[in-house]
Amino acid sequence: MNILKAAMTVSAMTFLSRVTGLIREMLTARLLGVSAETDAFFIAFRIPNLLRRLFAEGAFSQAFVPVLAQVHQQQGHDHTAALVRNVATVLTWVLMAVVIFGVLGASAVVWLMASGLRSNPASFELTVLLTRWMLPYIVLISLVSLACSVLNIHRKFAVAAFTPVLLNLSFIIAIWLVAPYLSHPVYALAGAVICGGIAQLALQVFALKSLRLSISPFWRISQIKMAWVHPMVRKIVQQMVPASLAVSVAQISLIINTQIASHLATGSVSWVSFGDRLMEFPTALLGVALGSVLLPSLSKAAAHENTQEYSRLLDWGLRLTFVLAWPAAVGLALCAYALTAIVFHYGQFSALDVTMTAQAVLGYSIGLMGLIAVKVLAPGFYAKQDIRTPVKIGIIVVICTQLLNCVFVPFFGHAGLTLSVGLGATINALVLFWGLRWRGLYKPSSGWLGLFVRLIIAGLAMGLFLYFIQIQFDWLAMSIAPFKRVAWALLMIFGAVLVYFGVLSFMGLSPKRLFHKPQ
């Protein structure tokens, strides 16, 4: 499959996911606004998501995909099927134990994440209860991540990218049909998490059947023991140790930021979380899509020791990152207030909440290019089965991020947290880039200086267009005509895209040249 076509497929499915995700957040904001209850839900949901990144999407995929690609290329379908089944067995049993311990120690887990909630006992107890309800989601979504990795190896990118839509639809249905009948509407959101996890897993199981593969775990003791001693499983586990450290480093920073936010003004956790949703839109469309299709291709090039193709893939990914992430960062920064109002300013979500969330979005926008570039650069190490280098870099980034928090949080409050995250990601990307260059794994092709000059000019032209257009509207007052507000915003974004790519085309960079990549 053409890698650009694959990336566009993933982006299209991810776009659908993010659109339904924004609808979900719009409905959540309308239903609950920003309060101690929403803070409780976001913190409780963050705990299984943190463990998911630790055990599944982050550490697991980084260790699993290169090994699976090697087995698939060299040993064929039967060995691949056996490896997938054995890995699913080990993953399931480990995570079931984690869930049991997590449920029993939920109070301690919540305190470690957000001790500031202790000042509000009702909010703390609600967070503990929601955490216990949602912890089983870890098992479901980890098996989903396993299945997605397998599908990506087989170039079935669309199903894996579409899967998060089911979670969003679960939220939307719960908010519309269940929440109005509950004394605490937030309970409906917790139920939606579990139902969404089951729906996602069911879709993955169905998709894998067409490949004659299964992620059903073994239940007999003898089979479980065999899974543990399978040589490739042991290799993956050995790789996961440093990979887990790498992901843990990032999650430590997240835990610290959540702790800090829990000690700031009530609503700070929610403002950062809502801002995170807007930031994740371009990050997922660009970074996740590119990372998803690049890792299997890079792993294949690494397995065949094709250094030229390996370097070309990285170069192409970075060029596409700069071409698309730069205008996204400019647009997010200039339109933070307008976008926040359009997406969230309904129902219980107040004008103050719009202002505070927009400040969080602005902080993220400054580091958006770094956040996306990391998704392209990190697979360069994972494809070589080098997990330790990103671990070392991650430790540096966490230290830098927390030092930045010491500087920015006293002045900017919750927005200082997002600013520190963005700048930390930029440092991460720069050090990853330097590491690839220093090891000789990546050699940039010619023409980068000219590309930068053109991108800066096109970005400035687009920025001026956005600035003069968006200040013409009172985005809060237009809440009385929400469809008109959305229509104007879409026209503004469409015009910005035309200006940006029009200027690039005028300077000799046609879309065909920008996006061309050999098969």
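Residues numbered from 1 in each chain as written. Predicted model: local features only at pLDDT ≥ 70, side-chain atom pairs only at ≥ 80, totals over all residues. Heavy atoms only, no water.

Observations concerning the overall build of the chain
We count it as follows: Only runs of H or I of at least four residues qualify as helices and only runs of E of at least two qualify as strands under DSSP, and these elements are numbered from the N terminus. Categorising residues by exposure relies on relative accessible area from a 1.4 Å probe, with only protein chains included: less than 20% of the type maximum marks a residue as buried, more than 50% marks it as exposed, and the intermediate range marks it as partly exposed. By definition in these notes, contact holds between two residues if any of their heavy atoms fall within 4.5 Å. To measure how exposed things are, a 1.4 Å probe is used in the Shrake-Rupley method; for residues, cover is taken only from the protein chains shown.
Looking only at helices and strands, the chain has 22 helices and zero strands in total. Put simply, the chain has 519 residues, and 56% of those count as buried. Across the chain, every contact between residues at least 6 apart in sequence was considered, and the portion connecting residues at least 24 apart equals 84%. Here the chain displays about 22100 Å² of accessible surface, and carbon together with sulfur accounts for 70% of that area.

Focus: the nonpolar core
This is how the line gets drawn: By convention a nonpolar core is built from buried Ala, Val, Leu, Ile, Met, Phe, Trp, Tyr and Cys residues, the set being connected through side-chain atoms within 4.5 Å.
Counting residues in hydrophobic clusters, the biggest one holds 145 residues, and the most contacted among them are Phe41, Phe64, Leu83, Leu146 and Ile215. It is helix H7 (residues 137–153) that contributes the most residues to this core, 13 residues altogether. Among residues more than four places away in sequence, those in contact with Ile215 are Val84, Ala88, Leu143, Leu146, Ala147, Leu201, Val205 and Leu208.

Regarding the pattern of salt bridges
To keep it simple, the criterion reads: What makes a salt bridge here is a side-chain nitrogen of Lys or Arg within 4 Å of a carboxyl oxygen of Asp or Glu, nothing more.
This model, assessed by the stated rule, comprises two salt bridges. In this structure, Glu309 engages Arg312 in a salt bridge whose closest nitrogen and oxygen atoms are separated by 2.7 Å. Remark: Arg312 and Glu309 occur in helix H14 (residues 307–334); sequence separation between them is three residues, near one turn of the helix.

Looking at the packing of aromatic side chains
Where two aromatic rings form a pair, the distance of their centres and the angle of their planes describe that pair. Basically, it comes down to this: Any two rings among Phe, Tyr and Trp, with Trp reduced to its six-membered ring, count as a pair given centres within 6.5 Å; such a pair is stacked if its planes are under 30 degrees apart, edge-to-face if over 60, and tilted if neither. Placement of a charge over a ring requires the Lys NZ or Arg CZ to be within 6 Å of the ring centre, with the centre-to-atom vector within 35 degrees of the ring normal.
Taken as a whole, this structure holds 21 aromatic pairs when the rule is applied. Ring geometry for Phe274 against Phe344: centres 4.9 Å apart, planes inclined by 55°, an arrangement best described as tilted. With Phe274 in helix H13 (residues 268–303) and Phe344 in helix H15 (residues 336–344), this pair connects stretches of sequence that are 70 residues apart. We classify Phe274 as buried; its relative accessible area is 0%. Relative to Phe452, the ring of Phe322 lies with its centre 5.1 Å away and its plane at 80°, an arrangement referred to as edge-to-face. On the criterion of sequence distance, the pair formed by Phe322 in helix H14 and Phe452 in helix H20 (residues 448–470) is long-range, its members being 130 residues apart. By relative accessible area, Phe452 is classed as partly exposed at 32%. Feature note: the residues Phe41, Phe42, Phe45, Tyr137, Phe171, Phe274, Phe344 and Phe349 constitute an aromatic cluster, connected by ring pairs. Directly above the ring of Phe171 sits Arg24, whose terminal nitrogen or CZ lies 4.3 Å from the centroid.

Thoughts on helix H18 (residues 388–412)
Which entries qualify depends on this criterion: Expected span of a helix, by definition, is 1.5 Å for each gap between consecutive residues, and there is one gap fewer than residues. At every residue, the bend is computed as the angle between two fitted axes, covering the seven residues ending there and the seven beginning there respectively.
Relative to the 36 Å expected for 25 residues at 1.5 Å per residue, H18 spans 34 Å between its end C-alpha atoms, a close match to the ideal helical length. Along H18, the sharpest kink reaches roughly 35°, centred on Cys406 and followed within four residues by the proline Pro410. Among all positions in H18, only Pro390, Val391, Ile393, Gly394, Val397, Val398, Thr401, Gln402, Leu404, Asn405, Phe408 and Val409 are buried. A positive phi of about 60° marks Gly413, the residue just after H18.

Structural notes on helix H6 (residues 121–134)
Between its terminal C-alpha atoms H6 stretches 20 Å, which fits the 20 Å expected from 14 residues at 1.5 Å a residue. Residues Ser123, Phe124, Leu126, Thr127, Val128, Leu130, Thr131 and Met134 constitute the buried set of H6.

Observations concerning a nonpolar patch on the surface
Worth spelling out the cut-off: Patch membership requires more than 30% relative accessible area and the absence of a salt bridge. Residues of like charge join within 9 Å; the nonpolar side chains Val, Leu, Ile, Met, Phe, Trp and Tyr join within 5 Å.
On the surface, Leu169, Ile173, Trp176, Leu177, Val178 and Leu182 cluster together into a nonpolar patch covering about 570 Å² of accessible area. Judged by relative accessible area, Leu169 falls into the partly exposed class, the value being 36%.

Observations regarding the packing of helix H17 (residues 368–382) against helix H19 (residues 414–438)
Heads up, the condition is: Think of each axis as a best-fit line through the C-alpha atoms, taken over the contacting stretch in the case of a helix, with angles from 0 to 180 degrees between the N-to-C directions. Note on terminology: angles under 35 degrees are roughly parallel, angles over 145 are roughly antiparallel, angles of 65 to 115 are roughly perpendicular, and the others are oblique. Handedness of a crossing is defined here by the sense of rotation of the near helix relative to the far one, left-handed for an anticlockwise turn of less than a right angle and right-handed for a clockwise turn. In this count, Pro and Cys sit with the nonpolar residues alongside Ala, Val, Leu, Ile, Met, Phe, Trp and Tyr, while Asp, Glu, Lys and Arg are called charged and the others, Gly among them, polar.
Where H17 contacts H19, the axes come no closer than 8 Å and their chain directions differ by 30°. Looking at the two axes, H17 sits roughly parallel to H19. Once H17 is placed against H19, the crossing between them reads as left-handed. Facing H17, whose interface residues are Gly370, Leu371, Ala373, Val374, Leu377, Ala378, Gly380 and Phe381, H19 presents Ala425, Thr426, Asn428, Ala429, Leu432, Phe433, Gly435 and Leu436. Tallied by class, the residues present in the contact of H17 with H19 amount to 11 nonpolar, five polar and no charged.

Side note on the packing of H14 against H20
Packing of H14 against H20 brings their axes to within 9 Å, and their N-to-C directions diverge by 20°. Taken together, the axes of H14 and H20 are roughly parallel relative to one another. As H14 runs across H20, the sense of the crossing is right-handed. Side by side, H14 and H20 meet where Asp315, Leu318, Arg319, Phe322, Val323, Trp326, Pro327, Val330, Gly331 and Leu334 of the first sit next to Trp448, Leu451, Phe452, Leu455, Ile456, Gly459, Met462, Gly463, Leu466 and Gln470 of the second. Its residues assigned to classes, the contact of H14 with H20 shows 14 nonpolar, four polar and two charged.

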